[in-house]
Amino acid sequence: MKKIIAIFALFTISMQAQDIQGGFKFILNSPAFTDDVKNDAKGKLNFGIGYFENMDISDNVALQGELNYNTISYEIGRTTTDYTFIDIPVILKRKFGDLALGFGYQYAYGWGGQQKSDFGTTKLTPANDQGMLLDFSYQMDKLNIGARYYLGSELIYEGNATRNLSVSIGYIVF
């Protein structure tokens, strides 16, 4: 019994020693596609909002998890397609003072969508997506400014992998 209490006490102390920060962010993004030669799709500027938590593993390494509501839009000719996703990225970051460079994985749950054309509006259900991402961020006091490149799978748009470049500004609440 003493061993169990000692292990629990050590685990509790080590968990309290971790530095955890969390807050909210606003995201601007613009998608592109890998091999869209025949349709010539053009990504549109989109927005998203999210919640993030950043846990320091050591002085130079952190783990960040997020929950984001994101929109992706593109045009082909006179047809516009809009998708919404719930993004769940997990990023391992290497910190260099206030700067951080991260690499991670993102799962995007297809929430909904629509397609507008001269023939009207059609509701769509996007496929779920997943892929790797690269993250760069700078933190000053309570603000976190970031840039991210997402390399998605080929599930969303007719065999073309989604590439999404985004910038964000976040406010650290705790």
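Residues numbered from 1 in each chain as written. Predicted model: local features only at pLDDT ≥ 70, side-chain atom pairs only at ≥ 80, totals over all residues. Heavy atoms only, no water.

## A look at the overall build of the chain
Across its full length, the chain carries one helix and 10 strands. When the elements of the chain are put in sequence order from the N terminus, they spell out α-β-β-β-β-β-β-β-β-β-β. Split into buried and exposed, the 174 residues of the chain put 38% on the buried side. Expressed as a percentage of contacts within the chain between residues at least 6 apart in sequence, the contacts between residues at least 24 apart total 56%. Accessible surface, the chain as shown: approximately 10500 Å² in total, 65% of it carbon and sulfur. (Helix = DSSP H or I, 4+ residues; strand = E, 2+ residues; numbered from the N terminus. Buried < 20%, exposed > 50% of the residue type's maximum accessible area, 1.4 Å probe, protein only. Contact = heavy atoms within 4.5 Å. Areas by Shrake-Rupley, 256 points an atom, 1.4 Å probe, with all protein chains shown as cover.)

## As for the pairing of strand β7 (residues 120-124)
Bridge count between strand β6 (residues 99-117) and β7: five bridges; the pairing is antiparallel. Counted as the bridge partner of Lys 116 is Thr 121 from β7. A loop of two residues connects β6 with β7, the two strands running antiparallel in sequence. (Pairing = 2+ DSSP bridges.)

## Some details on the side chain of Thr 80
With respect to the helices and strands, Thr 80 occurs in strand β5 (residues 79-96). Leave out the neighbours within four places in its chain, and Thr 80 touches Lys 44, Tyr 74, Glu 75, Gln 114, Gln 115 and Lys 116.

## Some words on the packing of aromatic side chains
Considering all chains together, one arrives at four aromatic pairs under this definition. Plain terms: the ring middles of Tyr 74 and Tyr 83 are 6.5 Å apart, the flat faces sit at 55° to each other, and that makes the pair tilted. You can call Tyr 74 buried: its relative accessible area is 5%. A ring pair is formed by Tyr 109 and Trp 111, whose centres lie 6.3 Å apart and whose planes are at 75°; its orientation type is edge-to-face. Taking relative accessible area as the criterion, Trp 111 reaches 55% and is therefore assigned exposed. (Phe/Tyr/Trp six-rings, centres within 6.5 Å; stacked < 30°, edge-to-face > 60°.)

## Thoughts on the nonpolar core
Ranked by size, the top nonpolar core spans seven residues in total: Phe 33, Ala 41, Ile 72, Tyr 74, Tyr 83, Phe 85 and Ala 108. Contributions of two or more residues to this core are made by β4 (61-76) and β5. Not counting chain neighbours up to four residues away, the residues in contact with Ala 108 comprise Phe 85, Ile 86, Asp 87, Asn 128 and Asp 129. (Core = buried A, V, L, I, M, F, W, Y, C linked by side-chain atoms within 4.5 Å.)

## Side note on the pattern of salt bridges
For the structure shown, the criterion picks out six salt bridges. A salt bridge links Asp 118 to Arg 78, with the shortest nitrogen-to-oxygen separation between them at 2.7 Å. Of this pair, Asp 118 sits in the loop between β6 and β7 while Arg 78 is found in the loop between β4 and β5, placing the two residues 40 residues apart along the sequence. Across this residue pair, the class does not change: Asp 118 and Arg 78 are exposed. A salt bridge links Asp 135 to Arg 148; the nearest nitrogen and oxygen atoms lie 2.9 Å apart. Here Arg 148 lies in strand β9 (residues 143-152) and Asp 135 lies in strand β8 (residues 129-140), a separation of 13 residues in the sequence. Here the salt bridges share partners, and the residues they tie into one network are Lys 25, Glu 66, Lys 93, Asp 135 and Arg 148. (Salt bridge = Lys/Arg side-chain N within 4 Å of Asp/Glu carboxyl O.)

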